[in-house]
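For reference, the chains in residue letters:
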Amino acid sequence: VGNASIVVWLVSALIGLLMAVIFAELAGGYPRVNGGVAVLAAEVLQPHSRALARVAQWSYWFGWSPALAINGLLVGAYVQRIAFPDGPAWTAALIAGLVLVTSATVNHFGMHVGARLQVVLVACVVGVVGLLFFGALAKRNIDLDHLHPFAPSAGWLSGAGLLGLAGALFIAGW
């Protein structure tokens, strides 16, 4: 999308914030339920339809299982290239497995552990982004001309512009 990617990331962050607030509200209503969105959805649906509650859980599992495997392998391959470039090919799969086991372990222990880990991860991301930004600022290595024109090449409301923004939002949200 080019320069409009700033808008895409801001909109994506707002959508993510809205989803987090909704999930927090749902989880706050069921403080003794661990397991994430699928378990909470089943808990909410169970009084109305036991079958629908089970379908919701299985659908969530069926949709997320491939995504978890793909993301785990992407993280494993990335970490292998950065940390162990000459390591054997199975290193990426081992790292992916560790990422998935760590995620499942944090999820098993519930919201308090997950919330603490989230704070640590956010602090790390903000620290790295801040270091990069202020480092570039200190070196006077920021070229504001890269932000002009601040629009998709065909315009915001053109078919190509809207399609580009929608595609970028899908990628950013995934």
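Refer to the structure above for everything that follows.
What you see is a predicted model; the values in this text were computed from it and never measured. (Residues numbered from 1 in each chain as written. Predicted model: local features only at pLDDT ≥ 70, side-chain atom pairs only at ≥ 80, totals over all residues. Heavy atoms only, no water.)

K.L.:
Explain the nonpolar core here, please?
P.N.:
Most often, soluble globular proteins keep nonpolar side chains buried together rather than apart. One finds Ala4, Val8, Leu165, Ala168 and Ala172 forming the largest nonpolar core, which totals five residues. Here this core gets three residues from one element, more than from any other, and that element is helix α6 (residues 159-173). (Core = buried A, V, L, I, M, F, W, Y, C linked by side-chain atoms within 4.5 Å. Buried < 20%, exposed > 50% of the residue type's maximum accessible area, 1.4 Å probe, protein only. Helix = DSSP H or I, 4+ residues; strand = E, 2+ residues; numbered from the N terminus.)

K.L.:
Got a minute to help me understand the packing of aromatic side chains in this structure?
P.N.:
Two measures describe an aromatic ring pair: the distance that separates the ring centres and the angle between the ring planes. Under the counting rule described, the total for this entry stands at three aromatic pairs. Ring geometry for Tyr60 and Trp64: centres 6.3 Å apart, planes at 45°, overall tilted. On the criterion of helical spacing, the pair formed by Tyr60 and Trp64 is a turn pair, its members being four residues apart in helix α3 (residues 50-83). Given a relative accessible area of 32%, Tyr60 falls into the partly exposed group. An angle of 75° between the planes, with centres 5.2 Å apart, marks the rings of Phe133 and Phe134 as edge-to-face. (Phe/Tyr/Trp six-rings, centres within 6.5 Å; stacked < 30°, edge-to-face > 60°.)

K.L.:
Would you explain unusual backbone geometry in this entry?
P.N.:
Positive phi outside glycine occurs at Arg140, with the angle close to 55°. Along the chain, Arg140 falls in the loop between α5 (111-138) and α6. A residue is classified by how much of its surface remains accessible, and Arg140, at 76% relative accessible area, is exposed.

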